[in-house]
Amino acid sequence: MSATDSITRVEAVFRMEFPRVVATLAAFVGDIGLAEDLAQDALVDALRQWPRDGTPQNPGAWLTTVGKRKAVDLFRRSRTLQEKYGQLGREIDRAALLSAEEEIDFDRESEEEIADDRLRLMFVSCHPVLTVAARTALTLRLIGGLTVPEIARAYVVPEPTIAQRIVRAKKTISDAGVAFEVPKGADRAPRLASVLQVIYLIFNEGYSATAGEDWLRPELCAESLRLARVLAALAPEEAEVLGLVALLEFQSSRLRARTGPSGSPVLLLDQDRRTWDRLHINRGEDALARAEALTDPRGPYTLQAAIAARHARSFRPEDTDWNEVVALYGELVRTAPSPIVELNRAVAVSMASGPESALQLVDQLVATGTLERYHLLSSVRGDLLERLGRHEEAALEFDRAAARAANARERLLSEERARASRNAAERPAPPCVTGPEP
Amino acid sequence: MRFLGYTLANEAEMPSEPPRPELFEEMGAFVEEAVKAGVIVATGGIAPTAEGARVTLHEGEFTVVDGPFTEAKELVGGWALMECRDMDEAVEWTKRFLSVLGAGECRVRPVM
């Protein structure tokens, strides 16, 4: 091909192909750590050969084949390794593996086979045997194809922390003898829930960073949405996968509107909805319609998407059918009970029926003590008190919210609102309509 | 990041014979792959410039000129809105698109 093939191009191609290559190799050798090493070794070959001979027509198949050949070499050379994998009870037909070399050519695996391998890998990297932090790191690495430095940057943690987390995760999976397969039967629902949760948590960390100076890390949102779309392509019959895609599309549509000029958070009710991204909204509506057509009753992600859709359809908060939003939150509380959902429901109630009835709900939540350390509980309560004209109490709640916020931008926002409440306490002003995300 | 990729050509220099039938199948497979990878978020074809119009506003006066626009290269063929990590990745997907096409010119522009 052209002489302009550069290292950069090889690396760009490798990054794009990496998740598919790792998935296929993991299915071949039955071990994700080894699969990743083999893929990296194949990259070394590509860096040497592609700039000289040109990028192959099908770079993914090329990398996979090289990786497989290296696996065969490795198994041939290393009796110890063979024994190790034998002991682990891997279903590797070694004889087949060793005779496979002649058959490994540049034939491309079928798209379905690659898709199946990718889905298996997703289930493995989100396996409940791992901590949630390990699941997210491993998923971003193996399914998303992000490098360790990229993941570390996104989560604002040192690179060795992420590197170690991934190494340990791979060891845990190996030690636990996790099968490289898509779970079936009774196992499938909880395992799928874990995959969805990992993707959702990655998005949330990007959407409302728990630590650091920036409130948003859009690259995590983009990565998470990409993972969700890939999963939807792999498992198109799962309603909740589509529900999650819809939810992330709707939430992504607001990314631009979510920060002010100085990077400070702009909450849902204060956003300029004309800047919401219509393409994301259209894609969200499409995924939501497909999810709702597949399921009855609706699952938690589909319900949250349905709520997000109600916001997306209204150019102004006052155009929203808040009673409908309250009803959807009611359905969500029954489907997936959680104090955070209760809190969000209270905010919706405040929009539908006023701050008084919402404050009663919030006070019930306060009494349970479950959200004691959650900064948004104080933030919501402060907002409701503010709207009721109880400025001094509101200021105290905003102080509490500021003290509990881990994110610098959120802390500043609460401090600002505490000051505003104190000013209002001295000089009465009309109630304002601002609050967290209903 | 979002990128707009579009095909650019001078209509007058375009071959008049229709594209080979296999191209549609190959292009369909390529688009399916790119959509499933979460890269193509929207795509469309565009009619010949003969069916278009150029609308200008200058010093308060509108001018509407019907196509074709033959004086320069124009958006001819189609466009795709892609979500990629960076320009390198967008360029790579564009190369793959052109490989299916066999020959041609594309522009890739980041969408703000």
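Only a predicted model underlies this, so the values are computations on that prediction, with no experimental measurement involved. Every chain is numbered independently, its residues counted from 1 as its sequence is written. Chain A is the first chain written and ligand 1 is the first ligand written, with later ones labelled in order. Local features in this predicted model are restricted to residues of pLDDT 70 or higher, and side-chain atom pairs are both shown and tallied only at a pLDDT of 80 or more, whereas totals for entire chains, interfaces and linings draw on every residue.

Engineer: I'd like a rundown of the overall build of chain A, residues and numbers included.
Structural biologist: A count of helices and strands for chain A gives 20 helices and 0 strands. Relative to its full complement of 438 residues, chain A shows a buried share of 44%. Note on conventions: DSSP H or I runs of at least 4 residues are helices, E runs of at least 2 residues are strands, and numbering of each starts at the N terminus. Each residue is classified by how many other C-beta atoms fall within 10 Å of its C-beta atom, where C-beta atoms are placed from the backbone; a count of 20 or more means buried, 12 or fewer means exposed, and values in between mean partly exposed.

Engineer: If you had to explain the overall build of chain B to someone new, which residues and values would you point to?
Structural biologist: A count of helices and strands for chain B gives 2 helices and 6 strands. From first element to last, N terminus to C terminus, chain B shows the α and β order β-α-β-β-β-β-α-β. Its C-alpha atoms put chain B at 45 × 35 × 20 Å along the principal axes. When burial is assessed residue by residue, chain B has 16% of its 112 residues classed as buried. With C-beta atoms placed from the backbone, a contact is any residue pair whose C-beta atoms sit within 7 Å. For chain B, long-range pairs separated by at least 24 residues make up 72% of all intrachain contacts whose partners lie at least 6 apart in sequence.

Engineer: Describe the sheet that holds strand E2 (residues 40-46) of chain B, naming the residues involved and giving the relevant values.
Structural biologist: Across a sheet, paired strands are connected by hydrogen bonds in the backbone, their directions being either parallel or antiparallel. All names here are of chain B. With antiparallel pairing, the 4 strands of this open sheet are ordered in space as E2-E5-E1-E6. Of all the strands in the sheet, the pair left with one neighbour each is E2 and strand E6 (105-111). Each adjacent strand pair in this sheet contributes to an overall mean axis angle of 15°, direction not counted. DSSP calls a pair of strands paired once it identifies at least 2 bridges connecting them. Here strand E1 (residues 2-9) pairs with E6 via 7 bridges, running antiparallel. Bridging across to E6, Phe3 finds its partner in Pro110. Interaxial angles span 0 to 180 degrees and are taken between N-to-C directions of axes, which are lines fitted to C-alpha atoms, for helices over the stretch in contact.

Engineer: Run through the confidence of the model for chain B, naming residues and quoting values.
Structural biologist: The predictor attaches a confidence to each residue, and that confidence, scored 0 to 100, is pLDDT. Summing up the model confidence of chain B, the mean pLDDT is 91 and the portion of residues at 70 or higher is 100%. Both scores are given for the predicted complex: the pTM is 0.86, the ipTM 0.83.

Engineer: Give a detailed account of helix H15 (residues 322-335) of chain A, specifying residues and quantitative values.
Structural biologist: Residue and element names in this part refer to chain A. To estimate the expected span of a helix, subtract one from its residue number and multiply by 1.5 Å. The end-to-end C-alpha distance of H15 is 20 Å, a good match for the 20 Å that 14 residues give at a rise of 1.5 Å each. Of the positions making up H15, those classed as buried are Trp322, Val325, Val326, Leu328, Tyr329 and Leu332. All buried residues of H15 project into a common sector of 160° when viewed along the axis, lining one side. Next to the buried residues of H15 lie helix H14 (300-312) and helix H16 (339-353). To obtain the arc, one takes the directions from the helix axis to the C-beta atoms.

Engineer: Which residues make up helix H20 (residues 408-426) of chain A, and what values do they have?
Structural biologist: Each α-helix turn comprises 3.6 residues. Residues three or four places apart therefore point the same way. All names here are of chain A. Relative to the 27 Å expected for 19 residues at 1.5 Å per residue, H20 spans 28 Å between its end C-alpha atoms, a close match to the ideal helical length. When H20 is considered as a whole, its buried residues turn out to be Arg409, Glu410, Leu413, Ser414, Arg417, Ala418 and Ser421. Tucked inside the fold, the buried residues of H20 contact helix H18 (375-387) and helix H19 (391-404).

Engineer: Just give me the short version of the environment of Ala395 of chain A, but keep the residues and values in it.
Structural biologist: Residues and elements named next belong to chain A. Here Ala395 lies in helix H19. For the pair Ala395 and Ser208, spaced 187 residues apart in sequence, the C-alpha to C-alpha distance is 23 Å. If near-sequence neighbours (up to four positions away) are discounted, Ala395 is found in contact with Ala418, Ser421, Arg422 and Ala425.

Engineer: For the interface of chain B and chain A, give the residues involved together with the corresponding values.
Structural biologist: Taken residue by residue, the interface counts 9 residues in chain B and 11 residues in chain A. When residues of the side of chain B that touches chain A are traced back to their parent elements, those giving at least two are E2 and helix H2 (87-101) of chain B. The dominant element in the side of chain B that touches chain A, judged by the number of residues it contributes, is H2 of chain B, at 3 residues. Here the side of chain B that touches chain A is built from residues that sort into 3 nonpolar, 1 polar and 5 charged. Ten residues, namely Ala, Val, Leu, Ile, Met, Phe, Trp, Tyr, Cys and Pro, are considered nonpolar, four, namely Asp, Glu, Lys and Arg, are considered charged, and the remaining ones, Gly among them, are considered polar.

Engineer: Describe the packing of H19 of chain A against H20 of chain A, and please don't skip the residues or the numbers.
Structural biologist: Helices that pack against each other are described as a pair by the angle of their axes relative to one another and the distance between those axes. Residue and element names in this part refer to chain A. Contact pair H19 / H20: the axes reach a minimum separation of 8 Å and the direction vectors enclose 165°. Judged by the inter-axis angle, H19 sits roughly antiparallel to H20. As for the relative orientation of H19 and H20, their crossing is left-handed in sense. Two secondary-structure elements touch here, H19 through His391, Glu392, Ala394, Ala395, Phe398, Asp399, Ala401 and Ala402 and H20 through Arg411, Ser414, Glu415, Arg417, Ala418, Ser421, Arg422, Ala424 and Ala425. Taken together, the residues that form the contact of H19 with H20 break down as 8 nonpolar, 3 polar and 6 charged. Roughly parallel means an angle under 35 degrees; roughly antiparallel means over 145; roughly perpendicular covers 65 to 115; every other angle is labelled oblique. By the definition used in this description, the sense in which the near helix is turned from the far one sets the handedness, with an anticlockwise turn below a right angle giving left-handed and a clockwise turn giving right-handed.

Engineer: Tell me about the nonpolar core, and please be specific about residues and values.
Structural biologist: For the purposes of this analysis, a nonpolar core is taken to be any set of buried Ala, Val, Leu, Ile, Met, Phe, Trp, Tyr and Cys residues that are connected through C-beta atoms within 7 Å. Judged by nonpolar contacts, the single largest core of 115 residues is most densely connected at Val22, Leu25, Ala39, Ile199 and Ala305 of chain A. The leading source of residues in this core is helix H1 (residues 7-29) of chain A, at 12 residues. Formed by 11 residues, the second largest nonpolar core is a distinct cluster that contains Met82, Cys84, Ala90 and Trp93 of chain B.

Engineer: Outline the packing of helix H13 (residues 278-294) of chain A against H14 of chain A, supporting the account with residue identities and numerical values.
Structural biologist: Residue and element names in this part refer to chain A. Here H13 crosses H14 at 140°, and the two axes come no closer than 10 Å. Judged by the inter-axis angle, H13 sits oblique to H14. Our pair here, H13 against H14, has a crossing hand that is left-handed. Residues Ile281, Gly284, Glu285, Leu288, Ala291 and Glu292 of H13 form the contact with H14, whose participating residues are Thr302, Ala305, Ala306, Ala309 and Ala312.

Engineer: Describe the environment of Leu365 of chain A, naming the residues involved and giving the relevant values.
Structural biologist: Residues and elements named next belong to chain A. Within the secondary structure layout, Leu365 lies in helix H17 (residues 355-368). Taking the C-alpha atoms as reference points, Leu365 and Glu342, 23 residues apart in sequence, are found 7.8 Å from one another. Setting aside residues no more than four positions away along its own chain, Leu365 makes contact with Pro339, Glu342, Leu343, Leu371 and Leu377.

Engineer: Quick one: what's the story with the pairing of strand E5 (residues 74-83) of chain B, residue by residue and with numbers?
Structural biologist: Residue and element names in this part refer to chain B. Examined bridge by bridge, E1 and E5 share 7 bridges and lie antiparallel to one another. Considered in E5, the bridge of Gly5 is made with Ala80. Relative to E5, E2 is paired through 6 bridges, and the arrangement is antiparallel. The partner of Gly44 across the bridge, within E5, is Trp79.

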